[in-house]
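Coordinate analysis (summary)
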Amino acid sequence: MKLALEEINERCDLLPGYRLVVDYANSACSSIPATYHLIIQTNPSQPIKLMILGPACSGAVQLMGEVAQKFMHIPQVAYTASSSLFGIDKKSYPRFYRMVPVTEQLADGYIGLVKKLNWKRVAVVSYDSEELYQNVGLRTAELLTNKRVLAHLSLTDDPSRIVSALKELNARIIIAWIPHSVAIRFWCEVIKENLAGPEFVWFFPGWYRANWWAAVDGIDCTAEEMRKALEHSVGALGHSVLDNDLSRVLVSKKNVSQFKQDLDAKIAQGTVKTDIFLNYGFVYDAAWTIALALNSSISILKKKGLGRLEDFTYERVDISDVFTKAIQKTTFQGISGRVLFQKNGNRINPLIGIIQYRDGVAVPVTVYDPSSNSFINLPGKSIKWRGGYVPKDAPSPELQKDSMFEIIIVVVVTSLGILSTIYFLIFNIYYRNNLIVKRSSYRLNTIILIGVLVGFVGTLLHVIQLDYSMSGTSAALVCNIRNWMTEIAFVVCFSTLAVKIWRLYKVFFNKNLAERKYLEDRHLMPMIAGLVLPTVLVLIIQAVTFPITLHSYAEINEDNLAQERIFYTCRGKHYLIFSVILFIGGVILGLVSLVLAFETKKHLPTDKKYAKYHESAVINLTTMLAILLSSICDAVVLLFQLNNIRTGILLIITLSECLWLYPVSYLLFAPKASTLHAPAYTK
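The sections below set out a description of the structure shown in this document. Along each chain, numbering runs from 1 in the same order as the chain's sequence is written. Per-residue local features are limited, in this predicted model, to residues with pLDDT of at least 70; the limit for side-chain atom pairs, both in listing and counting, is 80 or more; totals at the level of whole chains, interfaces and linings are taken over all residues. Each side-chain value is worked out from all heavy atoms of the structure, with water and hydrogens disregarded.

**Overview of the overall build of the protein**
Rule in force here: Strands here mean DSSP runs of E at least two residues long; helices mean DSSP runs of H or I at least four residues long; both are numbered from the N terminus. Each residue is placed in one exposure class: buried if its accessible area under a 1.4 Å probe, protein chains only, is under 20% of its type's maximum, exposed if it is over 50%, and partly exposed if it falls in between. Note on definitions: a residue-residue contact is assigned when non-hydrogen atoms from the two residues lie within 4.5 Å. Only the protein chains shown count as covering a residue, and every accessible area follows the Shrake-Rupley method with a 1.4 Å probe.
Counting secondary structure elements, the protein contains 20 helices and 16 strands. Within the protein, the proportion of its 683 residues that are buried is 51%. Long-range contacts, defined as pairs at least 24 residues apart, comprise 72% of the intrachain contacts of the protein with a sequence gap of at least 6. Carbon and sulfur atoms form 60% of the exposed surface of the protein, whose accessible area is close to 32,000 Å².

**Comments concerning the sheet that holds strand β12 (residues 361-369)**
Strand pairing in a sheet is mediated by backbone hydrogen bonds. Such pairs are either parallel or antiparallel. Basically, it comes down to this: Strand pairing is defined by DSSP finding a minimum of two bridges between the two strands. Axis lines are fitted to C-alpha atoms, over the contacting stretch for helices. Their N-to-C directions set the angle, which ranges from 0 to 180 degrees.
Ordered by their spatial adjacency, 8 strands build an open sheet running β5-β4-β6-β7-β8-β11-β12-β13, and the pairing between neighbours is mixed. Both edges of this open sheet fall to β5 (149-155) and β13 (374-377), since each of them pairs with a single strand only. Each strand axis lies, on average, 30° off the axis of its neighbour in the sheet, ignoring direction. Relative to strand β6 (residues 173-177), strand β4 (residues 122-127) runs parallel, the two being bridged by 5 bridges. When the bridges of β6 are listed, valine 122 appears paired with isoleucine 173.

**Structural notes on a nonpolar patch on the surface**
Applied cut-off: For patch detection, residues must exceed 30% relative accessible area and be free of salt bridges, and they are connected within 9 Å for like charges or within 5 Å for nonpolar side chains (Val, Leu, Ile, Met, Phe, Trp, Tyr). The term salt bridge refers to a pairing of a side-chain nitrogen on Lys or Arg with a carboxyl oxygen on Asp or Glu at a separation within 4 Å.
A cluster of nonpolar residues, Leu576, Val580, Ile584, Ile588 and Val592, forms a patch on the protein surface that exposes about 400 Å² of accessible area. Tracing the backbone shows leucine 576 in helix α18 (residues 575-603).

**What to know about the pairing of β13**
As paired elements, β12 and β13 share 4 bridges and run antiparallel to each other. Note on β13: the bridge partner recorded for threonine 366 is asparagine 377. Where β12 folds back on β13, the antiparallel hairpin that results is connected by 4 residues, among which asparagine 373 adopts a positive phi of roughly 50°.

**Digging into the sheet that holds strand β1 (residues 52-53)**
Here 3 strands make up an open sheet; going across it, the order is β1-β2-β3 and the pairing parallel. Two strands in the sheet have a free side with no partner beyond their single neighbour: β1 and β3 (96-98). Bridge analysis of strand β2 (residues 76-78) against β3 gives 3 bridges, and the strand direction is parallel. In the strand pairing of β3, valine 77 is matched with tyrosine 97. Where helix α3 (residues 58-71) meets the sheet, its contacts fall on β1, β2 and β3, and the angle it forms with β2 comes to roughly 155°.

**A look at the state of the cysteines**
Note the threshold: Whenever a pair of cysteine sulfur atoms sits within 2.5 Å, that pair is classed as a disulfide.
Summed over all chains, the structure comprises 2 disulfides. At a sulfur-sulfur separation of 1.4 Å, the disulfide partner of cysteine 29 is cysteine 57. Of the two residues, cysteine 29 is situated in the loop between α1 (2-10) and α2 (31-41) and cysteine 57 in the loop between β1 and α3; the sequence distance between them amounts to 28 residues. The class for cysteine 29 is partly exposed, based on a relative accessible area of 44%. In this model cysteine 188 forms its disulfide with cysteine 221; the gap between the sulfur atoms is 2.0 Å.

**Here's the deal with the packing of α2 against α3**
The condition is simple: Two helices crossing with the near one rotated counterclockwise from the far one by less than a right angle form a left-handed crossing, whereas a clockwise rotation gives a right-handed crossing. Each residue is assigned to one of three groups, with Ala, Val, Leu, Ile, Met, Phe, Trp, Tyr, Cys and Pro labelled nonpolar, Asp, Glu, Lys and Arg labelled charged, and all others, Gly among them, labelled polar.
Remark: α2 packs on α3, axes separated minimally by 7 Å, with the N-to-C direction vectors making an angle of 35°. The handedness of the crossing between α2 and α3 comes out as right-handed. Of the residues in α3, those in contact with Ser31, Ala34, Thr35 and Leu38 of α2 are Gly59, Ala60, Leu63, Met64, Val67 and Ala68. Grouping the amino acids of the contact of α2 with α3 by side-chain chemistry returns 7 nonpolar, 3 polar and no charged.

**Digging into unusual backbone geometry**
In the segment running from glycine 54 into proline 55, the intervening peptide bond is cis, with an omega of -5°. Along the chain, the position of proline 55 falls in the loop between β1 and α3. One non-glycine residue, asparagine 349, lies in the positive phi region at around 50°. Structurally, the position occupied by asparagine 349 is in the loop between β10 (337-339) and β11 (352-358). According to the relative accessible area criterion, asparagine 349 is partly exposed, its value standing at 37%.

**Remarks on the packing of aromatic side chains**
Condition: Any two of the Phe, Tyr and Trp rings considered here, Trp counted by its six-membered ring, make a pair once their centres fall within 6.5 Å; the pair's planes then place it as stacked at under 30 degrees, edge-to-face at over 60, or tilted in between.
Scanning the model with the defined rule gives 23 aromatic pairs in all. Ring geometry for tyrosine 110 and tryptophan 177: centres 5.1 Å apart, planes at 35°, overall tilted. Of this pair, tyrosine 110 sits in helix α5 (residues 103-116) while tryptophan 177 sits in strand β6, and the two are 67 residues apart along the sequence. Relative to tryptophan 202, the ring of phenylalanine 186 has its centre 5.6 Å away and its plane inclined at 75°; by these criteria the two rings are edge-to-face. One end of the pair, phenylalanine 186, is in helix α8 (residues 180-192); the other, tryptophan 202, is in strand β7 (residues 201-205), with 16 residues separating them in the sequence. For the pair shown, phenylalanine 186 and tryptophan 202 are each scored as buried. Here the aromatic cluster, defined as three or more aromatic residues joined through ring pairs, consists of Phe186, Trp187, Trp202, Phe204, Tyr208, Trp212 and Tyr357.

**So, the pattern of salt bridges**
Considering all chains together, one arrives at 16 salt bridges under this definition. A salt bridge links lysine 167 to glutamate 193; the shortest N-O distance between them is 3.1 Å. Of the two residues, lysine 167 sits in helix α7 (residues 159-169) while glutamate 193 sits in the loop between α8 and β7, which places them 26 residues apart along the sequence. When its relative accessible area of 28% is taken as the criterion, glutamate 193 is described as partly exposed. Residues lysine 192 and aspartate 220 are paired through a salt bridge, measuring 3.1 Å at the closest nitrogen-oxygen approach. On the criterion of sequence distance, the pair formed by lysine 192 in helix α8 and aspartate 220 in the loop between β7 and α9 (223-230) is long-range, its members being 28 residues apart. Taking relative accessible area as the criterion, lysine 192 reaches 38% and is therefore assigned partly exposed.

Dropping the structure here:
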């Protein structure tokens, strides 16, 4: 202020015949002291005040500014009062102008940085209990557009809820418009949830007081934890000293270099003080705004016959209007950049200073120029990031594939199963006329072996690594083929075995030998088809209405938070419902078959000539138990899929299938193969 007054009063061409004098008063950033000093300064015993410079705080302006402008007709030029209220409510503040950007304009600096760094997933948090923070939060979300806004969350009194939501969203770039009193508790919650590492970028309002993070009374974090976590977080505030071009000539006809030399000399002498946020640039430009406006008013007043500057009184609205319009038209090259005003008193395209916290201190690092949508480099300063790289708006995706160890096991196990099943199938067809094979219903056995073969192939298809590098049609086709193969194989084998058990049960449950009737294979085929049909219908309905497609899900790598594991799985809408229906159907069929097998074993005669039937009944019981055990594994697989648990699922799927595929093939056909060495014969 003193430097500006000296320069103004030294100019012969500026305010000729006048000296610009300032009477100081401390508003204490509050409306009551500010209004009190207004009353004292405008007392009839005091010199008439032509204009008001300041105060710094929006809260101090509200009552005092309305009284001064609306009732006393005194124009006001504030340097750091940033509330949007004064630009909107022109009935209450008709003569208000400011040097600093409106709070909502600070969002432009953040948006500019977001776009420059190509961040496309940004979360916005605003404190809706205070209108200022709510408005700037809404403006930020609007400027980002839906393509960039990950979420706009409203913070009230429970920061843990918002922090948990941010963690679930996997937000990495977060713009927080919250007062510093709330920010302390909020930041502690962020630290607890590990959301403040080098992988995250936090934006806070740039007007927080120095060392705000150290006020840790009543929270569970230490000042050191708060300081370290805050490192390289970003803030925005009006930039009041544009010194990137030292040769730029100012309104005082000095260049920036000369201005800084004069200022440093006066600071060294102790005659000038500056605040830590460099607001002196706004004060300097505000003083020049008043001086230039009063200077231009001299000729206008004379031309209109309204008198001289000293003719102004608090009742002279006509002179006040001249002052107000003169401010509106004032434009010059200030230390804070080009100064010019909108009709509502807000500054046009004010520069936005971007700060970063370094060791707990807010340091200016760059300047955003809204007029050119570009950043101005400051001498010897730049944005720095922990780790030496620009944080990403999302963790780096890493496709997670099944381990080679698991794939080898699955390939070996299923290949052995396929080869053995092919052998048993050839054996069954080749020896179809052999009494041993013929007596065990080789046609039904062929159906069972084909089902087992399909089951092994369906299991082997799970080793195919599905991802979006495949076309959507190809991936969906693989998903549906292996689902159909495993389900159809299971129900075909299960149904055929169940029918064979039922036939044996019908024969021996009847105690009257004369009434016992043996059912031919052709009589059992419709029963098998009837048992298979419900599963086929469920699969068709699923394929038509809610087809299975390729889906992805992500998990954060806890060992490296900058990395995100991407998993792919086959899933469809209402997948759980269809899976449960098929699972319950299989379990019911298995339990009924198990009961029939047990009852058949119980009712078999004890004569030696029925020994082969006893052996068959034991095999049936064992097979059914293996199939039911496989159903339990199926349930585990379903739980793993629903909870997106990928680790080991390929082995569990293989175990689930092999638990019934191997027993069915080996228990039914291995004994026959081992006993048959004679040539086939017909009987």
